[in-house]
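The chain contents come next:
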Number of protein chains: 4
Amino acid sequence: MHRIAQIGAGRMGAVHLANAAHNPRLEVAWLVDPRPDAAGIAASAGAQVASVEQVLADAGVEGVIIASSTDTHLTLVKACLAAGKAVFCEKPLDLDLASLLAAEPELAHPKAPLYVAFNRRFDPDCRALQARIAAGEIGDLETLNITSHDPAPPPAHFIPTSGGLYRDFTIHDFDLACWLAPDPFVEVFTWASCLVDPAIGAAGDVDTARTLLRDAKGRLCSISNTRRSGYGFDQRVEAFGPRGMLRAGDLLQDTLQAWRETGATSAPRYMDFIARYAAAYRSEMEHFADILSGQAQPETGYADSVRSLRLAEAARQSLRTGLPVRV
Amino acid sequence: MHRIAQIGAGRMGAVHLANAAHNPRLEVAWLVDPRPDAAGIAASAGAQVASVEQVLADAGVEGVIIASSTDTHLTLVKACLAAGKAVFCEKPLDLDLASLLAAEPELAHPKAPLYVAFNRRFDPDCRALQARIAAGEIGDLETLNITSHDPAPPPAHFIPTSGGLYRDFTIHDFDLACWLAPDPFVEVFTWASCLVDPAIGAAGDVDTARTLLRDAKGRLCSISNTRRSGYGFDQRVEAFGPRGMLRAGDLLQDTLQAWRETGATSAPRYMDFIARYAAAYRSEMEHFADILSGQAQPETGYADSVRSLRLAEAARQSLRTGLPVRV
Amino acid sequence: MHRIAQIGAGRMGAVHLANAAHNPRLEVAWLVDPRPDAAGIAASAGAQVASVEQVLADAGVEGVIIASSTDTHLTLVKACLAAGKAVFCEKPLDLDLASLLAAEPELAHPKAPLYVAFNRRFDPDCRALQARIAAGEIGDLETLNITSHDPAPPPAHFIPTSGGLYRDFTIHDFDLACWLAPDPFVEVFTWASCLVDPAIGAAGDVDTARTLLRDAKGRLCSISNTRRSGYGFDQRVEAFGPRGMLRAGDLLQDTLQAWRETGATSAPRYMDFIARYAAAYRSEMEHFADILSGQAQPETGYADSVRSLRLAEAARQSLRTGLPVRV
Amino acid sequence: MHRIAQIGAGRMGAVHLANAAHNPRLEVAWLVDPRPDAAGIAASAGAQVASVEQVLADAGVEGVIIASSTDTHLTLVKACLAAGKAVFCEKPLDLDLASLLAAEPELAHPKAPLYVAFNRRFDPDCRALQARIAAGEIGDLETLNITSHDPAPPPAHFIPTSGGLYRDFTIHDFDLACWLAPDPFVEVFTWASCLVDPAIGAAGDVDTARTLLRDAKGRLCSISNTRRSGYGFDQRVEAFGPRGMLRAGDLLQDTLQAWRETGATSAPRYMDFIARYAAAYRSEMEHFADILSGQAQPETGYADSVRSLRLAEAARQSLRTGLPVRV
C-alpha cells in the first residue's frame with residue numbers, strides 16, 4: 001500500500017479520488033481542498049483534510065494527485081517534486097508555454113516521478129490502436145484522421161479560463177497524434193469558427209475547428225473538432241498506411257439495437273466524459289500505483305506536455321494569422 | 001438471341017418479363033395472358049399476345065417462362081417440355097406432393113431443360129455463402145440458423161390458395177437449407193401459431209413458426225419464420241462449423257446513417273420482394289439464357305422441388321400431429 | 001459495511017471473493033475452503049479462514065456467499081438460512097429437481113433472503129433488453145431467438161458432474177427466456193447431438209442443441225446452443241413483436257477495426273466468461289449488498305431455480321423420448 | 001426512343017455505351033472512335049461507326065455522349081451544341097480554367113442542353129444524403145468531412161495528362177462539397193505529399209492530400225484523399241449540424257461476415273470504379289434520357305464545372321505557395 005495525498009476535489013478530482021480509494025495498492029491519507037464539505041468527501045475515501053504544508057511535511061506520503069485548478073498546477077507540482085513526492089497531475093501542467101518552458105530545470109528531469117494525465121493515453125482502444133500501429137500492422141503510417149467531437153459545449157463562463165479550444169480541447173488530439181505518429185509534427189494549419197454557441201464567440205473563443213499537422217516527410221494528420229456533436233462523444237481515430245487502415249471507434253452505451261420500419265437504431269454514444277473514459281481513469285490510477293511501486297516510469301510527463309502545448313500555441317498563431325505555422 | 005415466350009403476366013410475371021426484355025440474349029416473342037391489357041404489356045417487351053397452343057406450335061420458340069397461377073404450372077410445364085421447349089418455371093412446380101410425384105416420369109429426366117426458379121439460389125449473398133461453405137471455410141458444417149421474416153402478411157384472401165405457410169413460404173428455407181447442407185435432412189419438427197393476423201388463422205393457416213431439421217449425423221437446422229417483421233425483409237443465414245461462423249445478412253436500402261442523441265439509425269431494410277431480390281431475379285434470367293445457349297444445366301429442377309415439398313409436407317404433418325416426422 | 005463470509009474459493013469463488021473485497025459496502029470476514037492455500041486467498045480479501053460451523057456461529061455475519069461445489073449448495077443454503085443469514089448462492093441451487101422440490105418448505109419462503117446468482121440477470125445488455133421489452137417498445141412479445149454459444153467446451157472430466165448440457169448450460173437460456181417472456185412456457189422440444197467433442201458423447205452428454213419453448217398462447221422461443229463456437233462468446237437475444245425487433249448483441253474486446261483488401265475485421269469476441277461477464281458479476285455483488293442493506297429483495301431465488309430446472313428436466317426428457325414434453 | 005451518338009469508346013466510354021444500349025429509351029446510332037475494333041464495339045450496341053462530321057450532319061441525332069480524351073471535350077461539346085444536339089459530357093469539360101472561362105459565351109446558356117457527368121451526383125447514397133441535408137434533417141449544415149480514397153494509383157504514365165490530383169481526383173470532392181453545402185466556399189487550403197508511388201512524384205504530382213474549404217460564414221469542409229487505400233474504394237461523407245450527423249458510407253461487395261477467433265471479417269469494399277459506381281452510371285444515362293425527353297434540365301453543367309475547377313485551381317495554388325487561397 002502506497003500512502004498518497006490528493007489536492008483538489010472538484011469534478012475531475014472526485015473521479016481520481018474514488019479511483020484511488022478503490023485501488024487496493026493505494027491509501028489516500030490526505031485531501032487538500034478549501035470547500036466546506038471537504039471533510040465528508042475525504043472521509044468517503046478514508047482520508048482526512050489537510051493543508052498543502054501538512055502533505056509536504058508528511059514523510060510517509062509517497063505521492064500526490066494534483067487535481068486543483070489549472071493555474072495552481074505548476075506551483076504545486078514543483079513543491080511536491082521538491083519534497084520528493086511522486087506526482088500525478090491532471091492535464092495540463094500549465095496553459096502558458098513560456099511558464100512551462102521556464103520550469104524546465106525542475107521538471108525535465110525531476111527528482112521524483114512526474115506523471116501528467118492525458119486520458120487518451122490510457123483509453124483501452126487508443127492503447128490498442130497505438131500498439132498495433134507501432135507493431136507495423138499497416139506498414140509505415142502515412143496519415144491520421146482524428147475526429148474529436150464533444151457532446152455539448154461547456155458553460156460559457158468556463159471559456160475565459162479554459163485556455164481556449166486548442167489548449168483545452170484539441171490538446172488531447174495533439175498529444176494523441178504525436179503518440180501515434182513515427183516522427184514529430186513540424187507544421188500546423190487551422191481554421192476555426194464559432195458556429196455552436198455565440199457566447200463562446202463573445203468570450204473570444206471558437207467552438208468548431210479543422211486542423212492539419214505535417215511532419216518533415218510529408219505525413220499528414222487532420223483533426224476535426226466541435227464542442228457540440230449533438231449525439232454524444234464522437235472520438236474516432238483512423239490511421240492509414242500502405243497495408244490498409246486501422247481505426248478506433250466510438251463506445252456505445254450498450255449493444256442493443258431496435259429494428260423498426262425506419263431503420264435499425266443502435267444504442268447512444270456516451271454523453272458524459274466520466275462515463276466515456278471511466279476505464280481510462282481507472283487505468284491512469286493503476287499507472288500511478290505502478291510508478292509508486294517502481295514498476296513503471298511515467299508514460300507522459302514534462303516533455304509531452306511541452307510538445308502538445310507547442311502545437312496548441314502554433315494552432316492559436318495559425319488562427320490569428322491565417323497562415324501555416326512551423327513548430 | 002434466343003426466342004422465348006412467357007405465360008402469365010401477374011406481379012411475378014411482370015418482373016420476369018422485364019428482365020427477359022432487358023436481357024440482350026433473349027427475345028420475347030409471345031406473351032400468353034387472358035387479361036384485357038395483355039397486348040400493351042406484351043408490347044412493352046417487344047412481344048405479341050398469343051395462345052398456349054400458338055406458343056407450343058411455334059418451332060422457333062426455344063424456351064418458355066411459366067409465371068401463371070400455381071395450379072396451372074404442372075400441366076403447362078409438361079406441355080412445354082413435350083414440345084421440346086426449355087422451361088423456366090416460377091416456383092413451385094406444384095403444391096401437392098402426390099401430383100408432383102406422379103409427374104416423375106415426365107419431369108425427372110425431361111426431354112428439354114426444366115429450371116424451377118427459387119429466388120434464394122440466385123441471390124448474390126446466398127450464392128457467396130453457399131460457395132464459401134462448400135469450399136470448407138468453416139470446416140464441416142454442423143448447424144444452420146435461418147431467419148426468414150417477411151415485412152407484412154399477404155392479403156388474407158391469398159391464404160386459401162397459397163398452400164399454407166410451409167408450402168408457400170418456408171419452402172424457400174427448406175430449399176436453401178438443403179442446398180447449404182452436406183447431407184439430406186431426414187426429420188422435421190415444427191411449432192407454429194397465428195400471432196400476426198387472425199384472418200390467417202380463420203383461413204386455417206399459421207403466420208409464425210419455428211422449425212427444426214435434422215440429418216442422419218445429427219446436424220441441425222433451425223428456421224425462424226414470421227409473415228410480418230414490422231421492419232422489412234429480414235432474411236439472414238448463419239452457418240456454424242468447427243472453424244467459425246459464416247453469415248449472410250440483410251440488405252439495407254442505402255448506406256446512410258443518422259447519428260442522434262438517441263442512437264445511430266441505419267437505412268431501413270427492403271419492404272418489397274421485387275426490390276429485395278432484384279439482383280436474384282436478373283440472375284435467374286441470365287441462368288435461363290445460359291441454359292438456352294447450352295452453357296449451363298438448370299441449377300434447380302424437379303428433384304429439388306420434390307425434396308423441399310417433402311420437407312414442407314413433413315412440417316405440415318408435424319404441425320398436425322405435434323410430433324417429429326421422418327422424411 | 002456488512003460483514004459476510006464466503007464458502008468456496010474455486011474459479012467462480014475467486015471472482016465473487018474479489019468483487020466482495022472491492023465492494024465498499026461489504027467486509028469479508030471469513031473464507032471457508034479446505035485447500036492448502038486458503039489462508040493466502042482469504043488474506044487477499046482481508047479475511048481469515050474458518051469452518052462452516054464458525055461462520056454459522058458468528059452472530060456478526062449477516063450474509064454468506066456460497067460458491068462451493070454444486071452438490072453442497074442445498075445443504076449449505078439451508079444451514080445458512082436457518083442461522084438467519086442472507087445467502088448469495090452461485091447457480092444452481094441443485095441439479096436434482098426432486099431434491100429441489102423437497103426443499104420447498106425451507107426455501108420457498110426463507111427466514112432470510114435467498115439470492116441465486118444467474119449471471120444473465122445482471123448483464124447490462126440483458127437488463128436493458130428486459131426493461132425495454134417490459135416497457136412495451138415492440139408491443140406484446142411474440143417470439144424470442146436466443147443464441148448461446150460458448151467459445152470452447154469444458155474439459156471432458158467436468159461433464160459427468162455438470163448435470164449435462166441442459167441443466168448446466170441451457171439453464172441460463174431457460175431462465176433468460178422466462179424472464180423476458182410475459183407468460184410461462186408450458187412445453188419444450190429439443191434435438192441435440194454430439195458434434196464437437198466425442199469425449200462429451202462418451203460421457204453421455206451432448207454439445208450441440210436446438211430447443212423450442214412454447215407458451216399457452218402460442219408464443220415461441222428458439223434456443224441455439226453449442227459448447228464450441230470457435231470465435232468466443234456468442235450470446236445474442238432477439239425479441240420480436242408487432243412493432244419490430246429488439247436485440248442484444250455480443251460484446252467485442254474493443255472497438256478497433258482493420259480494413260484490408262480482404263475486408264474489415266472487427267475485434268474478437270470474449271474468450272473467457274470471467275471477462276465476458278465481469279460487469280454482471282460486479283453487479284451481482286452490488287445486488288447482494290442491496291439485499292443486506294434492505295434496499296432490495298432478491299431478484300432470483302427458489303422459484304426461479306425451480307422454474308428453469310423444470311424446463312431443463314423437460315428438455316432432458318424430450319431428448320430421451322424424441323417427443324415434446326409439457327412442463 | 002431517342003437517337004443518339006457516342007464519341008469515344010475507351011474504358012469510360014465502354015461503360016456509357018453499354019448503359020445507353022441497355023436503356024430502353026435510347027438508341028445508339030453512331031459510334032465515333034478511331035480504334036481498329038470500333039466497328040465491333042459499335043455493333044455490340046446496335047450502332048455503326050461514323051465520323052464526327054457525319055454525326056453532326058445527321059439531323060436525326062438528338063444527343064451526343066462525349067467520352068473521348070479530355071483534351072477534345074471542349075471542342076466537341078461546342079460543335080455538338082452548335083449543331084443543336086444535347087450533350088452528355090464525361091467530366092471534366094476541360095482541365096484549363098482559362099479555356100473553360102473563355103467558352104462562357106457558348107456554354108453558360110447553351111443552345112441545347114449540356115450535361116457534365118460527375119458520378120457522385122448520381123450515386124444513390126450521395127443523392128439520399130443531399131436530399132436529407134437539404135430537407136433540414138440535421139439543421140443548418142456546419143461542417144463536412146469527406147473521405148475519398150481510391151484503391152490503387154493509376155499507372156504513372158497517366159499522371160502527366162491527368163491534370164494532377166486536384167483537377168483529376170479531388171475535383172469530385174469539390175463538386176460534392178459544393179452540392180451539399182448551403183453557401184459557396186470562398187477559401188481553400190491544402191497540404192499534399194507523394195507517399196504512395198515515387199513515380200507520381202517524379203511526374204510532378206502528389207498522391208496524398210488533406211484539403212480544407214471555408215465559406216463566408218465560417219462553415220468548414222475537410223477532404224481526405226489518397227490514390228491508394230490498400231482496401232478498395234473508401235468514399236464516405238459525414239455532414240454535421242446542430243441536430244446530429246448524417247453519413248454516407250462505403251459499399252461492400254456483399255453482406256457476408258466470417259466470425260473467427262481473430263474477429264469478424266466483413267466483405268471487401270469495391271476495387272474497381274466501374275463496379276463501385278455502376279448504379280451511378282446507369283442513373284446518369286437515365287438522366288440523359290430524361291433531358292432528351294424534356295423531363296429534366298441537366299443537374300450539372302457549365303457553372304458546376306467552372307465552380308469545381310476554380311476550387312481545384314485554388315488548391316493547386318495553395319499547394320504551390322503554402323498559403324490559403326481565396327476563390
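Note that the structure is a prediction, hence the values are computed from the model and not measured.

This part covers the packing of aromatic side chains. Two descriptors summarise a pair of aromatic rings, namely the distance from one centre to the other and the angle between the planes of the rings. Across all of its chains, the model carries 30 aromatic pairs over all chains by this definition. Aromatic pair A:Phe189 and A:Trp191: ring centres 5.6 Å apart, planes at 65°, arrangement edge-to-face. Classification of A:Phe189 as buried rests on a relative accessible area of 0%. Through a chain of ring-to-ring contacts, the aromatic side chains of A:Phe88, A:Tyr115, A:Phe122 and A:Phe288 assemble into a single cluster. Here the guanidinium or amino end of C:Arg269 rests over the ring plane of D:Trp259, the centre of that ring lying 3.5 Å away.

This next bit is on the interface of chain A and chain B. Every contact between the two is made by 17 residues of chain A and, on the other side, 17 residues of chain B. Our enumeration of links across chain A and chain B arrives at 0 salt bridges. Between chain A and chain B we count 3 residue pairs in polar contact (both at pLDDT 80 or more) in total. Mapped onto the side of chain A that touches chain B, the elements with two or more residues apiece are strand E11 (234–241), strand E13 (257–260) and strand E14 (263–266) of chain A. In terms of residue count, E14(A) provides more of the side of chain A that touches chain B than any other element does, 4 residues in total. Taken together, the residues that form the side of chain A that touches chain B break down as 6 nonpolar, 5 polar and 6 charged.

All names here are of chain B. The strand order across the open sheet formed by 6 strands is E3-E2-E1-E4-E5-E6, and the pairing between neighbours is parallel. Sheet topology places strand E3 (48–49) and strand E6 (114–117) at the edges, where each strand pairs with a single neighbour. Where strand E5 (residues 86–90) and E6 come together, 4 bridges link them in parallel fashion. Following the sheet pairing, Phe88 is matched in E6 by Tyr115.

Here the focus is the sheet that holds strand E6 (residues 114–117) of chain A. Residues and elements named next belong to chain A. Within the open sheet, the 6 strands sit side by side as E3-E2-E1-E4-E5-E6. Their pairing is parallel. Because the sheet does not close on itself, it has two edges, and the strands there are strand E3 (48–49) and E6. Of the strand pairs in this sheet, strand E2 (residues 26–32) and E3 are connected by 2 bridges, and their pairing is parallel. Across the sheet, the residue bridging to Trp30 is Gln48, located in E3. This element, helix H4 (residues 73–82), spans strand E1 (2–7), strand E4 (63–66), strand E5 (86–90) and E6 of the sheet and lies at about 170° to E5.

Okay, the interface of chain D and chain A next. Taken together, the contacts link 40 residues of chain D with 40 residues of chain A. A buried area of about 3100 Å², summed over both sides, lies between chain D and chain A, and 61% of it is on carbon and sulfur atoms. Of all residues in chain D, the largest losses of buried area upon contact with chain A belong to D:Trp191, D:Arg210 and D:Leu212, amounting jointly to 25% of the total for that side. Scanning the region where chain D abuts chain A turns up 4 salt bridges. Here D:Arg228 makes a salt bridge to A:Glu142, at a shortest N to O gap of 2.8 Å. Run the count over chain D and chain A and you get 12 residue pairs in polar contact (both at pLDDT 80 or more). At the level of secondary structure, the elements contributing two or more residues to the side of chain D that touches chain A comprise strand E7 (143–149), strand E8 (185–193), strand E9 (208–215), strand E10 (220–226), strand E11 (234–241) and strand E12 (244–248) of chain D.

Attention now moves to the pattern of salt bridges. Should the charged atoms of two oppositely charged side chains come close, the side chains can pair. In total, this model carries 116 salt bridges over all chains according to the counting rule given. With a shortest N-O distance of 3.6 Å, B:Arg326 and B:Glu187 are connected by a salt bridge. Taken together, the positions of B:Arg326 in strand E15 (residues 325–326) and B:Glu187 in strand E8 (residues 185–193) put the pair 139 residues apart, joining distant regions of the chain. For B:Glu187, a relative accessible area of 9% puts it in the buried group. Ionic pairing is found between C:Asp304 and C:Arg121, a salt bridge with its closest N-O pair at 3.4 Å. Residue C:Asp304 is located in helix H13 (residues 302–321), and its partner C:Arg121 is located in the loop between strand E6 (114–117) and helix H7 (124–134); the two are separated by 183 residues in the primary sequence. Taking the relative accessible area as the measure of exposure, C:Asp304 reaches 15% and is therefore buried. For C:Arg121, a relative accessible area of 3% translates into the label buried. One salt-bridge network, held together by shared partners, links A:Asp234, A:Arg236, A:Asp250, A:Arg269, D:Glu238 and D:Arg247.

This paragraph deals with the side chain of B:Glu238. In this fold, B:Glu238 is placed in strand E11 (residues 234–241). At a separation of 2.7 Å, a polar atom in the side chain of B:Glu238 contacts the side chain of C:Arg236. The residues touching B:Glu238, leaving out its near neighbours within four places in the chain, are B:Thr143, B:Leu144, B:Asn145, B:Met245, B:Leu246, B:Arg247 and C:Arg236.

A few words on helix H7 (residues 124–134) of chain B. All names here are of chain B. Listing the buried residues of H7 in full gives Asp125, Cys126, Ala128, Leu129 and Ile133. Buried residues in H7, looked at end-on, bunch into an arc of 160°, giving them a common side. Buried residues belonging to H7 abut helix H9 (164–180), E11 and strand E12 (244–248). At the C-terminal side of H7, Gly136 shows a positive phi close to 85°.

By the element assignment, D:Arg228 lies in the loop between E10 and E11. Given the relative accessible area of 12%, D:Arg228 is considered buried. As for D:Arg228 and D:Pro153, which are separated by 75 residues in sequence, their C-alpha atoms are 5.5 Å apart. Other than its neighbours up to four places away in sequence, D:Arg228 contacts A:Glu142, A:Gly241, A:Pro242, D:Asp150, D:Pro151, D:Ala152, D:Pro153, D:Leu195 and D:Val196.

Per-residue confidence for chain A gives a mean pLDDT of 97; residues scoring 70 or more make up 100%. Here the prediction assigns the complex a pTM of 0.96, and the interface score ipTM is 0.96.

Mapping chain A onto chain B leaves a residual RMSD of 0.0 Å; the transformation is a rotation of 180° accompanied by 0.0 Å of translation along its axis. Here the transformation between the copies is reduced to the relation of a two-fold axis. Relative to the rotation axis, the C-alpha of A:Thr265 is the closest in chain A, positioned 2.1 Å from it. Taken together, the interface assignments show that 100% of the residues at the interface of chain A recur at the interface of chain B, consistent with an identical surface on both copies.

Before going further, it helps to spend a moment on helix H9 (residues 164–180) of chain D. All names here are of chain D. Over its 17 residues, H9 extends 24 Å from the first C-alpha to the last, a length consistent with the 24 Å expected when each residue adds 1.5 Å. Of all bends in H9, the biggest is about 60°, found at Thr170. Of all the 17 residues making up H9, 17 are buried; the element is thus mostly covered by neighbouring parts of the structure.

A few words now on the packing of helix H1 (residues 11–22) of chain B against helix H12 (residues 278–292) of chain B. All names here are of chain B. Taken N-terminus to C-terminus, the directions of H1 and H12 make an angle of 60°; their axes are 9 Å apart at the nearest point. Considered as vectors, H1 and H12 are oriented oblique to each other. By crossing handedness, the relation of H1 to H12 is classed as right-handed. Together, Met12, Val15, His16, Asn19 and Ala20 of H1 and Tyr281, Arg282, Glu284 and Met285 of H12 make up the contact between the two elements. Its residues placed into classes, the contact of H1 with H12 shows 5 nonpolar, 2 polar and 2 charged.

We now examine the domain arrangement of chain A. All names here are of chain A. Under the domain assignment, chain A is made up of domain 1 (2–112) and domain 2 (121–277 + 307–326). Here the C-alpha centre of domain 2 lies 28 Å away from the C-alpha centre of domain 1. Domain 1 puts 10 residues into the contact, and the matching count from domain 2 is 13 residues. Between domain 1 and domain 2 the total buried area reaches about 950 Å² when both faces are included, carbon and sulfur atoms providing 66% of it. Taken together, the links from domain 1 to domain 2 amount to 2 salt bridges. Mapped by element, the contributors of at least two residues to the side of domain 1 that touches domain 2 are helix H1 (11–22) and helix H5 (97–102). Of the residues assigned to the side of domain 1 that touches domain 2, the class counts are 6 nonpolar, no polar and 4 charged.

Time to look at the pairing of E12(B). All names here are of chain B. For E12, a buried count of 5 out of 5 residues is recorded, marking the element as mostly surrounded by other parts of the structure. Every second residue of E12 is oriented toward a common face, with Gly244, Leu246 and Ala248 on one face and Met245 and Arg247 on the other, all of them buried. Hairpin connection between E11 and E12: a loop of 2 residues separates the two successive antiparallel strands.

Conventions and cut-offs
Residues numbered from 1 in each chain as written. Chains lettered and ligands numbered in written order. Predicted model: local features only at pLDDT ≥ 70, side-chain atom pairs only at ≥ 80, totals over all residues. Heavy atoms only, no water. Phe/Tyr/Trp six-rings, centres within 6.5 Å; stacked < 30°, edge-to-face > 60°. Buried < 20%, exposed > 50% of the residue type's maximum accessible area, 1.4 Å probe, protein only. Lys NZ or Arg CZ within 6 Å of the ring centre and 35° of its normal. Contact = heavy atoms within 4.5 Å. Salt bridge = Lys/Arg side-chain N within 4 Å of Asp/Glu carboxyl O. Polar contact = N/O pair within 3.5 Å; in protein donor to acceptor, adjacent residues only side chain to side chain. Helix = DSSP H or I, 4+ residues; strand = E, 2+ residues; numbered from the N terminus. Nonpolar A, V, L, I, M, F, W, Y, C, P; charged D, E, K, R; others polar. Pairing = 2+ DSSP bridges. Axes fitted to C-alpha atoms, helices over the stretch in contact; angles between N-to-C directions. Buried area = accessible area lost by both parts, 1.4 Å probe. Arc of directions from axis to C-beta. pLDDT = per-residue confidence, 0-100. Least-squares fit on C-alpha atoms with pLDDT ≥ 70 in both. Expected span 1.5 Å × (residues − 1). Bend = angle between axes of the 7 residues up to and from the residue. Parallel < 35°, antiparallel > 145°, perpendicular 65-115°, else oblique. Left-handed = near helix turned anticlockwise from the far one by under 90°. Domains from an automatic or database assignment.

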